[in-house]
Amino acid sequence: MSAASGTVAESGVLYVVATPIGNLADLSARAAGILGSVDLIAAEDTRRSGRLLQHLALQTPMIALHEHNEREQAPRLVEQLRVGQSLAMISDAGTPLISDPGFNLVRLARQAGIRVVPVPGPSALLCALSAAGLPTDRFVFEGFLPARASARRARLEQLADEPRTLVFYESSHRIVDCLADMVELFGGERPAVLARELTKQFETFIDAPLEELLQRVRSDADQRKGEMVLLLHGCPAAAAHEVSAEAGRVLETLLEELPAGKAARLAARITGVNKRALYERALSLKGS
Ligand code: SAM
């Protein structure tokens, strides 16, 4: 076992502890050990985390650390770490810092030379992705889209050609507007998955093209309830026009001996990458 893997907190260490996103049985034994042995827990909402500690029969003291006080609170907590106290940071649910507070504290602690130890566990992002059935080799986590419609649409426009799987956190009262914008900007055929109430009693995955997903969410109020993660297949056309690093290398080698058209044709035969995309790359390489 490495030094970082113990279940008893060490002096002067900041532990970043993931907590359940619904099912309390998902709390790891290591997380429970650390929460029970640190000097102090910095919690996003002490009342809410109080219920988790109660469930674990723990009485570790807590202090609030949330988006409104993190900047003032972080230096104080780093001071406590510096004098040898151990500290666990938790958010309301899931992994701290993932669309949650904690970034300022972790950065400040690292700058101060404090050891920061992750205690991994649930996160809605990976939980949804692991069971959605969309490509996972590469993905983009977009977190929450802007609340204002114009800003949301502007962000979506920037993402329309993204070839990787897209993952969004979305709130129940914005999901219909968000899906409607996506249908308009990405097309109704784009495969999508709405993962709702993960690890809870009413966990639901709806796997459908965007237009159908929008209709189902519009027509069934139950599908607009609770917490949700929205996942989209990457833009298929963009993926088809992507030049992989390997294909780029093959093309560059061929370009040393051949004109752009011929090099692109051969590189497409060798690598299976789209010929036009390779030709465009070849032209830009020749140009530079
Ligand atoms: N830090 C958390 C994590 O690691 O997943 C995320 C915190 S963020 C403030 C809360 C958002 O995460 C929710 O609005 C929802 O989009 C997503 N989420 C959290 N729990 C979820 C669950 N049980 N099912 C589906 N989505 C969830």
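The rules behind each value
Residues numbered from 1 in each chain as written. Predicted model: local features only at pLDDT ≥ 70, side-chain atom pairs only at ≥ 80, totals over all residues. Heavy atoms only, no water. Near = heavy atom within 4 Å. Polar contact = N/O pair within 3.5 Å; in protein donor to acceptor, adjacent residues only side chain to side chain. Areas by Shrake-Rupley, 256 points an atom, 1.4 Å probe, with all protein chains shown as cover. Helix = DSSP H or I, 4+ residues; strand = E, 2+ residues; numbered from the N terminus. Nonpolar A, V, L, I, M, F, W, Y, C, P; charged D, E, K, R; others polar. Domains from an automatic or database assignment. Buried < 20%, exposed > 50% of the residue type's maximum accessible area, 1.4 Å probe, protein only. Pairing = 2+ DSSP bridges. Axes fitted to C-alpha atoms, helices over the stretch in contact; angles between N-to-C directions. Contact = heavy atoms within 4.5 Å. Parallel < 35°, antiparallel > 145°, perpendicular 65-115°, else oblique. Left-handed = near helix turned anticlockwise from the far one by under 90°.

**Digging into the site of the ligand**
In the vicinity of the ligand lie 19 residues, with Asp-100, Ser-123, Ala-124, Tyr-169 and Met-228 positioned nearest. Side-chain polar atom of Tyr-169 to an oxygen atom of the ligand: 2.8 Å apart, as the coordinates give it. Here a nitrogen atom of the ligand and a backbone polar atom of Leu-198 are 2.9 Å apart. Protein contact buries 90% of the 570 Å² of open area that the ligand shows by itself. For the shell around the ligand, the elements supplying multiple residues, two or more each, are strand E7 (165-170) and strand E10 (228-232). Grouping the constituent residues of the shell around the ligand by class yields ten nonpolar, four polar and five charged. Among the domains, domain 1 (13-122) and domain 2 (125-238) are the pair contributing at least three residues each to the shell around the ligand.

**Thoughts on the pairing of strand E4 (residues 87-90)**
Along E4, one buried face is formed by Leu-87 and Met-89 and the opposite face, lined by Ala-88 and Ile-90, is buried too. Sheet analysis places strand E1 (residues 13-17) next to E4, joined by three bridges and oriented parallel. Residue pairing across strands places Leu-14 opposite Leu-87, the latter belonging to E4. Sheet topology note: the strand E2 (residues 40-43)/E4 ladder contains four bridges and is parallel. Across the sheet, Leu-40 pairs through a bridge with Leu-87, a residue of E4.

**With respect to the sheet that holds strand E8 (residues 191-196)**
Backbone-to-backbone hydrogen bonds join strands into a sheet, with any given pair of strands oriented parallel or antiparallel. Pairing in this open sheet of five strands is mixed, and the strands run E6-E7-E10-E8-E9 from one edge to the other. Only two strands of the sheet have a single partner each, and these edge strands are strand E6 (139-144) and strand E9 (204-209). Averaged over neighbouring strand pairs, the angle between their axes works out to 15 degrees when direction is ignored. Pairing of E8 with E9 involves six bridges; the strand directions are antiparallel. Bridge assignment links Val-193 to a residue of E9, and that residue is Asp-207. Strands E7, E8 and E10 of the sheet are contacted by helix H7 (residues 175-186), whose axis makes an angle of about 5 degrees with E10. Across the sheet, helix H8 (residues 210-219) touches E8, E9 and E10, and the angle it forms with E9 is around 135 degrees.

**A short note on the packing of H7 against H8**
It is at 9 Å that the axes of H7 and H8 come closest, and there the two elements cross at 160 degrees. Between H7 and H8, the angle falls in the class roughly antiparallel. The crossing of H7 and H8 is left-handed. Only Leu-210, Glu-211, Leu-213, Leu-214, Val-217 and Arg-218 of H8 make contact with H7, whose side of the interface consists of Ile-175, Val-176, Leu-179, Ala-180, Met-182, Val-183 and Phe-186.

**Examining the domain arrangement of the protein**
Each assigned domain of the protein is listed here: domain 1 (13-122), domain 2 (125-238) and domain 3 (241-287). Just the C-alpha atoms count here: the centres of domain 1 and domain 3 sit 50 Å apart.

**Details of the side chain of Thr-19**
Position of Thr-19 relative to the elements: it lies in the loop between E1 and helix H1 (29-37). Judged by its relative accessible area of 2%, Thr-19 is buried. With residues up to four places along the chain from it excluded, the contact list for Thr-19 reads Leu-27, Leu-52, Ile-90, Ser-91, Asp-92, Ala-93, Gly-94 and Pro-122.

**Let's talk about unusual backbone geometry**
Despite not being glycine, Leu-97 has its phi angle at roughly 75 degrees, a positive value. Considering the arrangement of structural elements, one finds Leu-97 in the loop between E4 and helix H4 (103-111). Given the relative accessible area of 29%, Leu-97 is considered partly exposed. Unusually for a residue other than glycine, Glu-197 sits at a positive phi of about 50 degrees. Tracing the chain through its elements places Glu-197 in the loop between E8 and E9.

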